[in-house]
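Structure assessment
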Amino acid sequence: MKAYVYVIHIGGKWHARMTIAPEVDRLFWMEGGLAEAITRVDDWLGGGGHREQVHDEAVILRLSGEIAEEGWYWEEALPLGDAIRAAELWESGAGSGGLRGSGGKSRAGDRSAAGQGQGPLASLAACVELARREAGAPLGPGGGG
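Summary of the structure given here. (Residues numbered from 1 in each chain as written. Predicted model: local features only at pLDDT ≥ 70, side-chain atom pairs only at ≥ 80, totals over all residues. Heavy atoms only, no water.)

1. Examining the overall build of the chain
For the record, the criterion: Where helices and strands are cited, they refer to DSSP runs of H or I of at least four residues and of E of at least two residues respectively, numbered from the N terminus. Each residue's exposure class comes from its accessible area (1.4 Å probe, protein chains only) as a fraction of the maximum for that residue type: buried when under 20%, exposed when over 50%, partly exposed otherwise. The contact criterion used is simple: two residues touch if any of their non-hydrogen atoms lie within 4.5 Å. For the area figures, the Shrake-Rupley method with a 1.4 Å probe applies, and any residue is considered shielded solely by the protein chains shown.
A tally of helices and strands in the chain yields 6 helices and 4 strands. Ordering the α and β elements of the chain from the N terminus gives β-β-α-α-α-β-β-α-α-α. Buried positions account for 39% of the 145 residues belonging to the chain. In the chain, of all internal contacts separated by at least 6 residues, the share reaching a separation of at least 24 is 71%. Surface accessibility of the chain: about 7,600 Å² in total, with carbon and sulfur atoms responsible for 56%.

2. Considering the environment of R26
So the rule is basically this: The term polar contact refers here to a pair of N or O atoms within 3.5 Å; inside protein, the definition further demands a hydrogen-donor-capable atom paired with an acceptor-capable atom, and it admits residues adjacent in sequence only when both atoms are side-chain atoms.
Structurally, the position occupied by R26 is in helix α1 (residues 22-30). Classification of R26 as partly exposed rests on a relative accessible area of 37%. Each C-alpha atom, one on R26 and one on A68, is 9.4 Å from the other, the two residues being 42 residues apart in sequence. Apart from the residues lying within four places of it in its own chain, the contact partners of R26 are E31 and Y73. Here the side chain of R26 touches E31 through a polar contact of 3.1 Å, side chain to side chain.

3. Observations concerning the nonpolar core
The test is simple: Nonpolar core, defined: a set of buried Ala, Val, Leu, Ile, Met, Phe, Trp, Tyr and Cys residues in which side-chain atoms within 4.5 Å join the residues together.
Counting residues in each nonpolar core, the largest one holds 17 residues, and the members touching the most others are V5, W74, W90, L124 and V128. In this view, V5 contacts R17, M18, W72, Y73, W74, L78, A83, A86, A87, L124 and V128; residues no more than four positions away in its chain are not counted. Judged by nonpolar contacts, the second largest core, of 9 residues, contains I8, F28, W29 and A68.

4. Some words on the pattern of salt bridges
Definition in use: A carboxyl oxygen of Asp or Glu within 4 Å of a side-chain nitrogen of Lys or Arg is what we treat as a salt bridge.
All chains considered together, the criterion is met by 7 salt bridges. Of the charged contacts in the structure, one is a salt bridge between E76 and R132, with a shortest N-O distance of 2.7 Å. Here R132 lies in helix α6 (residues 119-135) and E76 lies in the loop between β3 (70-73) and β4 (78-79), a separation of 56 residues in the sequence. When the shortest N-O distance is used, the salt bridge between R132 and E129 registers 3.4 Å. Of this pair, R132 and E129 both sit in helix α6, 3 residues apart, which is roughly one turn of the helix. The two residues R132 and E129 agree in class, both being buried. Linked through salt bridges whose partners overlap, the residues forming this network are E76, E129 and R132.

5. Description of a nonpolar patch on the surface
The test is simple: To count toward a patch, a residue needs a relative accessible area over 30% and no salt bridge; like charges are then connected within 9 Å, while nonpolar side chains (Val, Leu, Ile, Met, Phe, Trp, Tyr) are connected within 5 Å.
A grouping of V24, L27, L34 and I38 is seen on the molecular surface, where their side chains present a nonpolar patch of about 290 Å² in accessible area. Those elements that provide at least two residues to the nonpolar patch are α1 and α2 (34-46). Mapped onto the elements of the fold, V24 is located in helix α1. V24 gets classed as partly exposed once you look at its relative accessible area, which sits at 42%.

6. Re the packing of helix α4 (residues 80-92) against α6
The cut-off we apply is this: In this analysis, axes come from line fits to C-alpha atoms, helices being fitted only over the stretch in contact, and the angle between any two N-to-C directions falls in the range 0 to 180 degrees. Under this scheme an angle from 65 to 115 degrees is roughly perpendicular, one under 35 degrees roughly parallel, and one over 145 degrees roughly antiparallel; angles in between are oblique. Two helices that cross are described as forming a left-handed crossing if the nearer one is turned anticlockwise from the farther one by less than a right angle, and a right-handed crossing if clockwise.
Contact geometry of α4 with α6 gives a least axis separation of 8 Å together with a crossing angle of 125°. When the axes of α4 and α6 are compared, the pair comes out oblique. α4 and α6 meet at a crossing whose hand is right-handed. Contacts between α4 and α6 involve D82, R85, A86, L89 and W90 on the former and, on the latter, P120, S123, L124, C127, V128, L130, A131, R132, E134 and A135.

Worth remembering: the numbers are spatial, not functional.
Written out as structure tokens, the structure reads:
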């Protein structure tokens, strides 16, 4: 099974996630409606008790009505285990280049900066490559199953 890894900027911080359905994640993080519908259903089912069990800062922000300012997907689907590991590596700070939790003004759209080892795309690339290396997959685009 393949999955996509991506980064989002919400609440002044960058967060990494993985998904097998990028279109659903994009709707959740960047469009009004889906997260709000989830909140309404949760309220209807039990008065919002499930939200108290969420310990993910980015999800809490989104369910509170905040929309991600920016988001970028890795250029290719990865083996599921590699995508999970790359997101874990990002969240642990590996390859983040100081962006994890940063309120800095790095622009993911600035590909020249990303190519020079700056920005969230370069940091995500470092996490993907490290995840592939740990899995023993060939490195570079198209590598790893």
